[in-house]
Amino acid sequence: MLNVAGVTKRFGGLTAVSSVDLNVQDGEIVSLIGPNGAGKTTLFAMVAGFLKSDEGNVTFDNVAISGMKPHQISKLGMVRTFQITQPFAGLTTLENIMVGAYSNTNDSKVAQDKAESVAEIVGMSSLLGQGADSLTVAGRKRLELARALATSPKLLLLDEVMAGLNPTEIDEIVTVIKGIRDTGVTIFLIEHVMKAVMNLSDRTYVLNDGKLI
């Protein structure tokens, strides 16, 4: 499904990501781990179209996507979440999730139906009328997941979705992620919580100083 071949990114004299090769197969949960500053988020940003690689190629569903914009890649079925959640503060939880659904429809009823079904998957059905700005950290993490999921992705890139959560909240998110995979969505995630990584992952890649080890 996803193939990364020889991807490299330099910022001036710093090589943040160096000749990385990896792949994610349909139906897998694959994790990317490593210390802070290893280049994990930079790699994600290149895969999802937010950064242009200096070398190498990224292929998704047999389509070469290197150089494509994030919205073009999203249309193909690959969407990412972000470490720092940024909900639309003036909107409700439901309206925030509908923003993701609008990537595939102009019909508000269709978008609402999609948002409600996604909310059920991530355990937010009781929070749909709540303002997004009043959600807890765990609630915002779920909202970030839901908004991405509402785009109907084939592959979901999760960037430290468990950061800032307590052990109970982490266990709950692990269950949610497994449930998302059960709906047919493949998952590629960056994570520091090793208990969750070992619980979730079919395979794990380790990045250090920009290189796979």
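Here, the structure is the one placed above.
Residues numbered from 1 in each chain as written. Predicted model: local features only at pLDDT ≥ 70, side-chain atom pairs only at ≥ 80, totals over all residues. Heavy atoms only, no water.

1. Digging into the pairing of strand β9 (residues 203-208)
Both strand β3 (residues 29-33) and β9 contribute to a ladder of four bridges, which runs parallel. Residue pairing in the sheet places I33 in a bridge with V206 of β9. In terms of strand pairing, β9 meets strand β10 (residues 211-212) through two bridges, oriented antiparallel. When the sheet's bridge partners are listed, L207 is paired in β10 with L212. With antiparallel pairing between neighbouring strands as the criterion, β9 and β10 make up a hairpin whose turn holds two residues, including D209 at a positive phi of roughly 50°. (Pairing = 2+ DSSP bridges. Helix = DSSP H or I, 4+ residues; strand = E, 2+ residues; numbered from the N terminus.)

2. Digging into the nonpolar core
By size, the foremost hydrophobic cluster in this structure holds 38 residues, and its most contacted members are I97, L145, L156, M162, I177 and I180. The set of elements that each furnish at least two residues to this core consists of α3 (93-101), α4 (108-122), α5 (137-149), β7 (155-159), α6 (167-182), β8 (186-190) and α7 (194-200). In this structure, L145 is in contact with T81, V122, L156, L158, V161, I173, V176 and I180, ignoring residues within four places of it in sequence. In terms of nonpolar packing, the next biggest core, distinct from the first, is built from 26 residues, L2, L22, V24 and V58 among them. (Core = buried A, V, L, I, M, F, W, Y, C linked by side-chain atoms within 4.5 Å. Buried < 20%, exposed > 50% of the residue type's maximum accessible area, 1.4 Å probe, protein only. Contact = heavy atoms within 4.5 Å.)

3. A word on the environment of L14
With respect to the helices and strands, the residue L14 is situated in strand β2 (residues 14-24). For L14, a relative accessible area of 53% gives the class exposed. Note: C-alpha distance between L14 and E55 (41 residues apart in sequence) is 14 Å.

4. Digging into the environment of N23
Looking at where N23 falls in the secondary structure, it is placed in strand β2. Sequence-wise, N23 and L2 are 21 residues apart; in three dimensions their C-alpha atoms are separated by 5.4 Å. Excluding anything up to four places from it in sequence, N23 contacts L2, N3, R203 and Y205.

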